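# Structural characterization, general
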Amino acid sequence: MGRSLNLDNPSTFSEKIYCLKVLNGELRAPLIQRCYDKVNVRDYVVEKLGQKRGEAILNELYGVYDRPEDIDFNQLPNAFALKVTQSSGFNVLCLDKNRLDKSEVVQKLKDWQRISNMMGDFSEEGYIYDGHARICCERYLRQEDGSVPPDIRIYCFHGVPRLFVCDFGTTNDDGSHGTHIVRNVYDESWNLLEVDLGRPHDPSVVMEKPDNLDELIFVARKLSEDFPFVRVDLYNLNESIIFGELTWIPMGGNCIISPLSFDREMGSWLDIPNWHDPIETKRQVQEPTR
């Protein structure tokens, strides 16, 4: 981070997100574990939004497989996305399955699945894994011109959407993570902020205010209300919202925010009551009333 973090009396977002690494594992592990899995989270989305609204934003699911060897490529459309259900970035994007080296893909997925099933033993956020990662196949998302739809990442604090974070150049054509990424940050009224949130912003890269901004806000509010902080990732595909994922510790907490005054402002939105109290006391304060 380039400076020491005050975890005894946290005030900035950078400090408080590190505290949440601990609290999430101690207080919310079962819920986060459920919502981290790319298949299991689908039921959660429907629970929070209702069946009609929830199912409308879920991407089409072609299949779920316990083992990569179980994938029947003949039954899949020409374009699709294969993902390890508990992972970050373990994705295969296929635009033309006739050109796909299927044996290579199966071996890659086997390796990734094995790594994911071991992550709970040595990852500092190991509580998000349950050791039962699977493979899922989804519709490959693209707009009418063939481009990847805008990825809108909504930072939500105690169920309130505060920031809209839009990354450009995140995904290469082969599904790998981009290396030259621009990140523009907008407030609730879609004003571009002169801040860097882990990556540089660029005012020359313009994303127009979505016509369905109110619906994006509604979805983010409902999906975030069970967490003190969560990032709700949504795609805007031809003005239709598609759910992406939920993220609790963006960039592993190692997100340098500039200027520092904005890091403090973000920290003021996140309340971590009784940080030094025993866990049982925290549960009484933070668990929602049923």
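Here goes a summary of the coordinates provided. Since the structure is predicted, the reported quantities are computational estimates derived from the model, not experimental observations.

### A closer look at the overall build of the chain
When helices and strands are counted, the chain shows 8 helices and 11 strands. Taken over C-alpha atoms, the radius of gyration comes to 19 Å for the chain, in line with the 19 Å a tight globule of 290 residues would show. Considering only C-alpha atoms, the chain reaches an extent of 55 × 45 × 40 Å along its principal axes. Burial status across the chain gives 49% buried among its 290 residues. Considering only residue pairs separated by 6 or more positions, the chain has 60% of its internal contacts joining residues 24 or more positions apart. Carbon together with sulfur atoms contributes 45% to the accessible area of the chain, which is approximately 14,300 Å² in total.

### Some thoughts on helix α6 (residues 213-224)
Look at α6: 16 Å from first C-alpha to last across 12 residues, which is about the 16 Å you get at 1.5 Å a residue. Every buried residue of α6 is listed here: L213, L216, I217, V219, A220, L223 and S224. Down the axis of α6, the smallest arc covering the buried residues is 165°, so these residues share one side. At its buried positions, α6 is contacted by α3 (41-49), α4 (51-57), β5 (151-157), β6 (160-168), β9 (229-237) and β10 (240-247).

### Examining the nonpolar core
Residues F13, Y155, L163, F243, L246, W248 and M266 are the most contacted members of the largest nonpolar core, which totals 60 residues. Excluding residues within four positions of it along the chain, Y155 makes contact with F13, V160, P161, R162, L163, V165, L197, F229, V230, R231, P250 and M266. In terms of nonpolar packing, the next biggest core, distinct from the first, is built from 18 residues, L76, V84, I135 and C137 among them.

### Observations regarding the sheet that holds strand β4 (residues 135-138)
Across the sheet, which stays open at both edges, the 4 strands sit in the order β1-β4-β2-β3 with antiparallel pairing between neighbours. The open sheet has two edge strands, β1 (61-65) and β3 (91-94), and neither has a second partner. Mean inter-strand twist for the sheet, computed between neighbouring axes without regard to direction, equals 15°. By the bridge criterion, 4 bridges tie strand β2 (residues 80-84) to β4 in an arrangement that is antiparallel. The residue bridging K83 from the neighbouring strand is C136, located in β4. With respect to the sheet, helix α5 (residues 102-122) is in contact with β2, β3 and β4, its orientation differing from that of β2 by roughly 30°.

### Regarding empty space enclosed by the protein
Counted under the stated rule, the structure contains 1 cavity of 30 Å³ or more. In terms of lining residues, the largest cavity is bounded by F13, S14, I17, Y155, P250, G253, C255 and I257. Ranked by residues supplied to the lining of the largest cavity, first place goes to helix α1 (residues 13-27) with 3 residues.

### Describing the pairing of β5
The buried fraction of β5 amounts to 7 of the 7 residues, a majority that puts the element mostly inside the structure. Along β5, one buried face is formed by D151, R153, Y155 and F157 and the opposite face, lined by I152, I154 and C156, is buried too. Where β5 meets β9, 7 bridges bridge the pair, whose relative direction is antiparallel. Residue F157 lies in a different strand from β9, and its bridge partner there is F229. Across 6 bridges, β5 lies against β6 in antiparallel orientation. When the sheet's bridge partners are listed, I154 is paired in β6 with F164.

### Some remarks on the pattern of salt bridges
Close approach of charged atoms allows side chains of opposite charge to pair. Under the criterion given, the structure shown has 18 salt bridges. Among the salt bridges present, the one from R67 reaches D70, with a minimum N-O distance of 3.0 Å. Note on R67: relative accessible area 44%, which makes it partly exposed. Residue class for D70 comes out partly exposed when judged on its relative accessible area of 36%. Two residues, D111 and R114, come together in a salt bridge whose shortest N-O distance is 4.0 Å.

How each quantity is defined
Residues numbered from 1 in each chain as written. Predicted model: local features only at pLDDT ≥ 70, side-chain atom pairs only at ≥ 80, totals over all residues. Heavy atoms only, no water. Helix = DSSP H or I, 4+ residues; strand = E, 2+ residues; numbered from the N terminus. Rg over C-alpha atoms; globule rule 2.2 N^0.38 Å. Buried < 20%, exposed > 50% of the residue type's maximum accessible area, 1.4 Å probe, protein only. Contact = heavy atoms within 4.5 Å. Areas by Shrake-Rupley, 256 points an atom, 1.4 Å probe, with all protein chains shown as cover. Expected span 1.5 Å × (residues − 1). Arc of directions from axis to C-beta. Core = buried A, V, L, I, M, F, W, Y, C linked by side-chain atoms within 4.5 Å. Pairing = 2+ DSSP bridges. Axes fitted to C-alpha atoms, helices over the stretch in contact; angles between N-to-C directions. 1 Å grid on protein atoms, 1.4 Å probe; cavity = no way out; pocket = protein on both sides within 12 Å on 5 of 7 lines; lining within 4 Å. Points joined across faces, edges and corners; volume = space filled by probe spheres on them. Salt bridge = Lys/Arg side-chain N within 4 Å of Asp/Glu carboxyl O.

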